[in-house]
Amino acid sequence: MPATSHPAVTDHLVIVGNGMAGHRLVEALAGKPGRPARITVIGDEPEPAYNRILLSPLLAGEMAREALTLHDSDWYAEQGIELVLGERVTDIDRAARRLTTDAGRTLEYDRLVLATGSQPARPPVPGLELPGVEVFRDLRDAEALIHFTQSQAAKQGGSAVVIGGGLLGLEAAEGLRKRGQGQGGLRVSLLQRDARLMNRQLDLTAARLLENTLRGRGLDIRTDARLERLEAGADGRVGAVRLDDGTRLPADCVVVAIGILPKVGLARTAGLTVERGIVVDAWLTTSDPAIHALGECCEFEGQTFGLVEPIWRQVEVLAAHLAGETVAGYVDTPCATKLKVSGVALYAFGPTEPEAGHEVLTYHDPQQGDYRRLLLKEGRLEGAVLYGDTAAGPWYFEQALAGRDLGPCRGALLLGAADARERLDDDADTATDSPHSPAKEAA
Ligand SMILES: Cc1cc2nc3c(=O)[nH]c(=O)nc-3n(C[C@H](O)[C@H](O)[C@H](O)COP(=O)(O)OP(=O)(O)OC[C@H]3O[C@@H](n4cnc5c(N)ncnc54)[C@H](O)[C@@H]3O)c2cc1C
């Protein structure tokens, strides 16, 4: 809709990107009395926002497509929000406060939010341009992978190779394996450059447990695997993956999942300050006071983002700020990691290796496949890796965030949250009952 159809409006907020961050921001603003008078959302994907996190269960065949939709187009209309889909913003004229889309639409804004997310990183190896080389970022990627699992190649004992042993690579590989298992045995290999899976989140023991579980399901996992190139098959599509030790793995489909890069091209061309991401302050304001950025495209205090939890906190701050409310700035706090592979329970936060001054507490029951390793410094929890029984994970995380002294329940810490909490409560009671405690004296 052209800007001229709203001549009286002087507070036009335009949000570029209708992904997880852009959508959540709209949702938060919709309920605020001080919201901008006119809001337009422009997204280059053809459908209204969907839950990107659920692409993994969609690929694994555990969830239907409809379950991913966050709100349909009618909802935006009901909220009085204009929604432009299938158009990419290609240019921002900051002096004129006007943007242009690839469909030739121009739109004037008073305030602008960039929520452009990120794009898959690609390793610098030959053959990446071959047909059959996919990424796993959006609905079309998931659909292409599902389509592959239903192809003749996959059904006739074909092979897929996933490059990257982080969260995304593991979820892609397990999804392909599950989809392909009933169809004549799609062989799925996963290549990890590091010596262990999820090397940013797991210690070696937990990584090995994960590896063994996934191997037991039929995934071909190769660690210390260095990609050299992708080779074309007779049909011109990708046909094989070649490693630097000479190994050749047949591949009818290759999924690249080695990491993400913030989408900053638009911001950079517009002259905003960009490092790895679009640089923002604690109110998610860029180097131009009229332009904000949030989500995976932004960078705050040198940090970029790859999980939704910090993004939800950014949304709260920015929504309040845009609605004219007084709000404390965004503060970056640690995040916990979970893996969405059914039947695999894993929970981790903090450093993967002990650092100076860390005390390491470990519990391992190989029979049950349970493993817990805690890193404490001066009685305070700084890191945890849980595999198998992860029930206590959120409690550990809470204690770490609170910086609580867990000395009193140290002996029960590995037994789980209930036991540890009981000891802490007992300790607190004892302290209260002490003849020297202030409570006792007051009584
Ligand atoms: C398969 C998968 C599983 C994941 N699982 C988890 C999980 O379990 N837990 C977790 O915390 N995180 C998970 N993530 C990460 C999470 O999805 C992202 O952190 C989140 O989507 C980031 O939100 P965003 O809005 O910044 O980016 P996005 O959701 O990517 O949204 C950005 C949107 O902007 C659009 N866009 C970009 N440029 C333009 C332009 N110029 N014009 C118009 N539109 C544009 C993009 O097409 C996209 O629709 C997962 C991601 C994937 C891909």
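Calculation notes
- Residues numbered from 1 in each chain as written.
- Predicted model: local features only at pLDDT ≥ 70, side-chain atom pairs only at ≥ 80, totals over all residues.
- Heavy atoms only, no water.
- Helix = DSSP H or I, 4+ residues; strand = E, 2+ residues; numbered from the N terminus.
- Expected span 1.5 Å × (residues − 1).
- Contact = heavy atoms within 4.5 Å.
- Phe/Tyr/Trp six-rings, centres within 6.5 Å; stacked < 30°, edge-to-face > 60°.
- Buried < 20%, exposed > 50% of the residue type's maximum accessible area, 1.4 Å probe, protein only.
- Near = heavy atom within 4 Å.
- Areas by Shrake-Rupley, 256 points an atom, 1.4 Å probe, with all protein chains shown as cover.
- Nonpolar A, V, L, I, M, F, W, Y, C, P; charged D, E, K, R; others polar.
- Domains from an automatic or database assignment.
- Pairing = 2+ DSSP bridges.
- Axes fitted to C-alpha atoms, helices over the stretch in contact; angles between N-to-C directions.
- 1 Å grid on protein atoms, 1.4 Å probe; cavity = no way out; pocket = protein on both sides within 12 Å on 5 of 7 lines; lining within 4 Å.
- Points joined across faces, edges and corners; volume = space filled by probe spheres on them.
- Polar contact = N/O pair within 3.5 Å; in protein donor to acceptor, adjacent residues only side chain to side chain.
- Core = buried A, V, L, I, M, F, W, Y, C linked by side-chain atoms within 4.5 Å.
- Salt bridge = Lys/Arg side-chain N within 4 Å of Asp/Glu carboxyl O.

Further remarks concern helix α7 (residues 204-216). With 13 residues, α7 extends 18 Å from end C-alpha to end C-alpha; this agrees with the ideal 18 Å at 1.5 Å per step. Where α7 is buried, its residues touch α6 (167-181), β12 (220-222), β22 (346-349), β23 (359-365), β24 (370-377) and β25 (380-387).

As enumerated under the stated definition, the model contains six aromatic pairs in all. For the pair Trp75 and Tyr76, a centre-to-centre distance of 5.1 Å together with 90 degrees between the ring planes defines the contact as edge-to-face. Per residue, the accessibility class of Trp75 equals that of Tyr76, and both read buried. Taking 6.5 Å as the distance between ring centres and 85 degrees as the angle between the ring planes, the aromatic pair formed by Tyr347 and Phe349 counts as edge-to-face.

A word on the site of the ligand. What surrounds the ligand is a group of 32 residues, the closest being Asp44, Glu45, Arg137, Glu296 and Lys340. Against a free-state accessible area of 1,000 Å², the protein chains account for coverage of 92% of the ligand. When contributions to the shell around the ligand are tallied by element, the ones reaching two or more residues are α1 (20-30), β2 (38-43), α2 (55-59), α6 and α9 (308-322). Residue composition of the shell around the ligand, grouped by class: 14 nonpolar, eight polar and ten charged. No fewer than three residues from each of domain 1 (3-119 + 261-322) and domain 2 (133-258) sit in the shell around the ligand.

Moving on to the sheet that holds strand β16 (residues 253-256). Across the sheet, which stays open at both edges, the five strands sit in the order β9-β16-β10-β11-β12 with parallel pairing between neighbours. Of all the strands in the sheet, the pair left with one neighbour each is β9 (133-135) and β12. Across this sheet, the average inter-strand angle for adjacent strands is 20 degrees, counted without regard to direction. Judged from the four bridges that link them, strand β10 (residues 159-163) and β16 form a sheet pairing that is parallel. Looking across to β16, one finds that Ala160 is bridged to Cys253. Sheet strands in contact with helix α4 (residues 139-149) are β9, β10 and β16, and its direction is about 135 degrees off that of β9. Taken strand by strand, α6 contacts β10, β11 (187-191) and β16, and its axis lies near 170 degrees from that of β11.

A probe matching the size of a water molecule, rolled over the atoms, marks out where space remains unfilled. Overall, the coordinates contain one cavity of 30 Å³ or more when judged by the stated rule. Within this model, the largest cavity holds a volume of roughly 60 Å³. Mapped onto the lining of the largest cavity, the elements with two or more residues apiece are α2 and α6. At four residues, the largest contribution of residues to the lining of the largest cavity is made by α6. Residues of the lining of the largest cavity, tallied by class, amount to three nonpolar, three polar and five charged. Each of domain 1 (3-119 + 261-322) and domain 2 (133-258) contributes no fewer than three residues to the lining of the largest cavity.

Moving on: the environment of Ile81. Structurally, Ile81 can be placed in strand β3 (residues 81-85). A relative accessible area of 4% means that Ile81 is categorised as buried. Ignoring any residue separated from it by four or fewer positions in sequence, one finds Ile81 in contact with Val26, Ala30, Arg35, Ile39, Val41 and Tyr76.

For the rest of this paragraph, the subject is the domain arrangement of the protein chain. Looking at the protein chain, the domain boundaries give domain 1 (3-119 + 261-322), domain 2 (133-258) and domain 3 (345-431). Each of domain 1 and domain 3 was reduced to a C-alpha centroid, and the two centroids are 38 Å apart.

Attention now goes to the pairing of β24. For a regular strand, the rule is simple: side chains alternate between the two faces of the sheet. With seven of eight residues buried, β24 is to be regarded as a mostly interior element. In this sheet, β24 lies alongside β23 in antiparallel orientation, the contact comprising seven bridges. The residue of β24 that forms the bridge with Asp365 is Asp370. Count of turn residues in the β23/β24 antiparallel hairpin: four residues, of which Gly369 carries a positive phi of about 70 degrees. In this structure, the hairpin formed by β24 and β25 is closed by a connection of two residues, where Glu378 is found at a positive phi of approximately 45 degrees.

In this section: the side chain of Glu211. Positionally, Glu211 belongs in helix α7. A residue is classified by how much of its surface remains accessible, and Glu211, at 4% relative accessible area, is buried. Side-chain polar atoms of Glu211 contact the side chain of Arg208, separated by 3.1 Å. Apart from the residues lying within four places of it in its own chain, the contact partners of Glu211 are Leu197, Ile221 and Thr223.

Compared with the 21 Å implied by 1.5 Å per residue over 15 residues, the 20 Å span of α9 between its first and last C-alpha is a close match. Residues of α9 that are buried in the fold lie against β1 (12-16), α1, β7 (111-114), β19 (291-293) and β20 (298-300). One or two residues past the end of α9 sits Gly324, with phi positive at roughly 80 degrees.

Turning to the nonpolar core, a few remarks are in order. Formed by 52 residues in total, the largest nonpolar core has its most connected members in Leu25, Ile92, Leu99, Leu112, Leu114 and Ile278. Among the elements that take part in this core, α9 stands out by supplying seven residues, more than any other. If we ignore the near neighbours within four places in the chain, the residues touching Leu112 are Leu13, Val14, Val16, Ile92, Leu99, Ala290, Ile291 and His292. If you look at the next biggest cluster of nonpolar residues, it comprises 43 residues, including Ile146, Met198, Val341 and Leu346.

A separate point is unusual backbone geometry. Glycine aside, negative phi is the norm for most residues, and most peptide bonds take the trans geometry. Of note, Asp224 is a non-glycine position whose phi angle comes to about 55 degrees, a positive value. If you trace the backbone, Asp224 turns up in the loop between β12 and β13 (227-232).

Attention now goes to the pattern of salt bridges. The full count for this structure, using the stated rule, is 26 salt bridges. Ionic pairing is found between Arg94 and Asp288, a salt bridge with its closest N-O pair at 2.9 Å. Here Asp288 lies in the loop between β18 (278-280) and β19 and Arg94 lies in the loop between β4 (89-93) and β5 (98-101), a separation of 194 residues in the sequence. The partner of Arg410 in a salt bridge is Glu359, with the nearest N and O atoms 2.2 Å apart. A residue pair is termed long-range when its members are at least 10 positions apart, and Arg410 in the loop between α10 (393-402) and α11 (417-433) and Glu359 in strand β23 qualify at 51 residues. A relative accessible area of 30% means that Glu359 is categorised as partly exposed. A cluster of three or more residues bridged by salt bridges with shared partners is formed by Glu228, Arg229, Glu231, Arg242 and Arg248.

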